[in-house]
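Next come the chains, spelled out residue by residue.
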Amino acid sequence: HGSVGYLSFASDASDPSDSAAVIDELSILLTSGRLSTHSKGIIETAYASEYASRGPTSALKLVQQLITTTPEFNSNSIAYKTGEKRVSATPAPAPYKAIVVLALNGG
């Protein structure tokens, strides 16, 4: 079975080739305006490239997909980049067992 979902959003931007306007609109709708400058820059570049090669419909779908992969979409607060490496967690003092259940149902 394939995916039954589809992306049908239509932007209110007066000029669909204006990547900044389209992404700002989606940023408000999908992240409450929290999309970082870094993420916007990457997504704007992808939008402009896709718009030039495959048209506005494909570019809009790509942007929606990309925004849903950002930290700002997947959290309820502003994500700050520190540039520091993450500290490794301290191993557990005693061995333990864990059960992991993955429910992979989709396309």
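Please refer to the structure higher up on the page.
This is a predicted model, so every value here is computed, not measured. (Residues numbered from 1 in each chain as written. Predicted model: local features only at pLDDT ≥ 70, side-chain atom pairs only at ≥ 80, totals over all residues. Heavy atoms only, no water.)

**Q** Help me out: how do you make sense of helix 2 (residues 37–54) in this one?
**A** An ideal rise of 1.5 Å per residue puts 26 Å on 18 residues; helix 2 measures up with 25 Å between its terminal C-alpha atoms. Three or more residues of helix 2 are buried, namely Ser39, Ile43, Tyr47 and Glu50. One face of helix 2 carries all of its buried residues, which in axial projection span an arc of 75°. What points out from helix 2, more than 90 degrees from its buried face, is the exposed set Thr37, Thr45, Ala52 and Ser53. (Helix = DSSP H or I, 4+ residues; strand = E, 2+ residues; numbered from the N terminus. Expected span 1.5 Å × (residues − 1). Buried < 20%, exposed > 50% of the residue type's maximum accessible area, 1.4 Å probe, protein only. Arc of directions from axis to C-beta.)

**Q** How should the nonpolar core be read in this particular structure?
**A** Nonpolar side chains in soluble globular proteins tend to end up buried together. Counting residues in hydrophobic clusters, the biggest one holds 10 residues: Val22, Ile23, Leu26, Leu35, Ile43, Tyr47, Ala59, Leu60, Val63 and Ile67. Of all the secondary structure elements, the ones that give two or more residues to this core are helix 1 (19–31), helix 2 and helix 3 (56–67). What valine 22 contacts, discounting residues up to four positions off in sequence, is Ser11, Ala13, Pro16, Tyr47 and Leu60. (Core = buried A, V, L, I, M, F, W, Y, C linked by side-chain atoms within 4.5 Å. Contact = heavy atoms within 4.5 Å.)

**Q** I'm lost on the packing of helix 2 against helix 3 in this one. Help?
**A** How two helices sit against one another is set out by the angle between their axes and by the gap between those axes. At a minimum axis distance of 7 Å, the contact between helix 2 and helix 3 shows a crossing angle of 155°. Between helix 2 and helix 3, the angle is such that the two are roughly antiparallel. Of the two elements, helix 2 crosses helix 3, and the hand of that crossing is right-handed. Of the residues in helix 3, those touching helix 2 at Ile43, Ala46, Tyr47, Glu50, Tyr51 and Arg54 are Pro56, Ser58, Ala59, Leu60, Leu62, Val63, Leu66 and Ile67. Of the residues belonging to the contact of helix 2 with helix 3, the class tally is 11 nonpolar, 1 polar and 2 charged. (Axes fitted to C-alpha atoms, helices over the stretch in contact; angles between N-to-C directions. Parallel < 35°, antiparallel > 145°, perpendicular 65-115°, else oblique. Left-handed = near helix turned anticlockwise from the far one by under 90°. Nonpolar A, V, L, I, M, F, W, Y, C, P; charged D, E, K, R; others polar.)

**Q** I tried to follow the pattern of salt bridges on my own but got confused; where do I start?
**A** Any two side chains of opposite charge can pair if their charged atoms end up close together. Inspection of the entire model under this criterion finds 2 salt bridges. Measuring nitrogen to oxygen at the nearest pair gives 3.0 Å for the salt bridge that ties aspartate 24 to lysine 40. With aspartate 24 in helix 1 and lysine 40 in helix 2, this residue pair connects regions lying 16 residues apart in the sequence. Note on lysine 40: relative accessible area 21%, which makes it partly exposed. Here glutamate 50 ties to arginine 54 by a salt bridge, and the two come within 3.6 Å at their closest N and O atoms. With glutamate 50 and arginine 54 both in helix 2, this residue pair falls 4 residues apart, about one helical turn. A relative accessible area of 64% places arginine 54 in the exposed class. (Salt bridge = Lys/Arg side-chain N within 4 Å of Asp/Glu carboxyl O.)

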